Amino acid sequence: MSSAPPDPSLDVAVLPDYEALSRAAAERVAAYVRAALATQDAFALALAGGSTPRGLYERLARTSLPWDRIHLYWGDERVVPHDHPKSNVRLVRETLLDGLDLPATNVHPMPTTGAPDDAAAAYADTLQRAFADRAHTFDLALLGMGEDGHTASLFPEHEPSPSDSRWVRAVSAPPRHDIARRLTCTLPVFNRARRALVLVSGASKRDTVRAALQERDARLPITHVHPQDRLVWLLDEAAAPPDAAQNDDRPHSA
Ligand code: 6PG
């Protein structure tokens, strides 16, 4: 098994439980947003799907932030209607957007109508136009991780490349996953983000966390996430292998 090199800009914090994990995540997101908007006009936040970020989104909906200067993007999506129970847009609408007064022009969902390849190309165009005149893509990418080491909809079987020329891909999730047809940003898009915040909760993921963080298993897509400035993993104790914590768990300034 080949192992990826250690990441000097890696922070790993272990929180007692899911509530504490969601709280720490909301504190960090708010701190990053406030610090960045002290020196730039807008903040580009990429959202994760799945169940783990739900608590974070609910807390962000109650957090006072200059939302009119925050643009929301999606790191991946299931190719279902946006009101479908498994849609990542629906997740965010129910837990975050419905509680906020955010201009619709700040919300950039992945299109899920039409041919998936066309939808992927359309979203790549949206991102390329949004980030055309800057060195990085998202200011912060929120990511989760599956027990198989996938992140966004980058699955081990697809061997996602850190030098993929595409910004967004239409993929088919392996049969063990509920919704097959997916759209996902590629590794280079996440690795051109300034920061990434990976949220992992639950004992079923502990072995994969160990493989990614301690054994740097290169077969796992999550192992290849290396944003430009800072990579932060927030784990709850159930998901944390021994000696997982690295560096401190206080929010970092920009
Ligand atoms: C998605 C996500 C995906 C998710 C993991 C973990 O659209 O499903 O982006 O990558 O983060 O599957 O999902 P849970 O948080 O539900 O365990």
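Predicted model only: the values in this text are computed from it and were never measured. (Residues numbered from 1 in each chain as written. Predicted model: local features only at pLDDT ≥ 70, side-chain atom pairs only at ≥ 80, totals over all residues. Heavy atoms only, no water.)

### Comments concerning the packing of aromatic side chains
Here comes step 1: For the structure shown, the criterion picks out three aromatic pairs.
Here comes step 2: Ring geometry for Phe131 and Phe138: centres 5.4 Å apart, planes at 85 degrees, overall edge-to-face.
Here comes step 3: Residue Phe138 is classed as buried on the basis of its relative accessible area, which comes to 0%.
Here comes step 4: Ring pairing ties together the aromatic residues Tyr73, Phe131 and Phe138, which thus form one cluster.
Here comes step 5: Taking the ring centre of Tyr32 as reference, the NZ or CZ of Arg195 above it sits at 4.5 Å. (Phe/Tyr/Trp six-rings, centres within 6.5 Å; stacked < 30°, edge-to-face > 60°. Buried < 20%, exposed > 50% of the residue type's maximum accessible area, 1.4 Å probe, protein only. Lys NZ or Arg CZ within 6 Å of the ring centre and 35° of its normal.)

### Regarding the site of the ligand
Here comes step 1: Taken together, 14 residues lie around the ligand, and Thr52, Asp76, Arg78, Ala152 and Lys205 are the ones closest in.
Here comes step 2: In the model, an oxygen atom of the ligand is placed 2.7 Å from a nitrogen or oxygen of the Ser51 side chain.
Here comes step 3: The contact in question runs from an oxygen atom of the ligand to an N or O atom on the side chain of Asn88, over 2.9 Å.
Here comes step 4: In isolation the ligand offers 410 Å² of accessible surface; the protein chains occlude 87% of this area.
Here comes step 5: When its residues are assigned to classes, the shell around the ligand shows two nonpolar, eight polar and four charged. (Near = heavy atom within 4 Å. Polar contact = N/O pair within 3.5 Å; in protein donor to acceptor, adjacent residues only side chain to side chain. Areas by Shrake-Rupley, 256 points an atom, 1.4 Å probe, with all protein chains shown as cover. Nonpolar A, V, L, I, M, F, W, Y, C, P; charged D, E, K, R; others polar.)

### Looking at helix H3 (residues 88-95)
Here comes step 1: Taken together, the buried positions of H3 are Asn88, Val89, Leu91, Val92 and Thr95. The buried residues of H3 all sit within an arc of 160 degrees when viewed along its axis, so they share a single face.
Here comes step 2: Of the surrounding secondary structure, the elements contacted by the buried residues of H3 are strand E2 (43-47), helix H2 (54-60), strand E3 (70-74) and strand E4 (76-78).
Here comes step 3: For H3, the capping residue at the N-terminal end is Ser87, with a side-chain oxygen 3.0 Å from the backbone nitrogen of Val89. (Helix = DSSP H or I, 4+ residues; strand = E, 2+ residues; numbered from the N terminus. Arc of directions from axis to C-beta. Contact = heavy atoms within 4.5 Å.)

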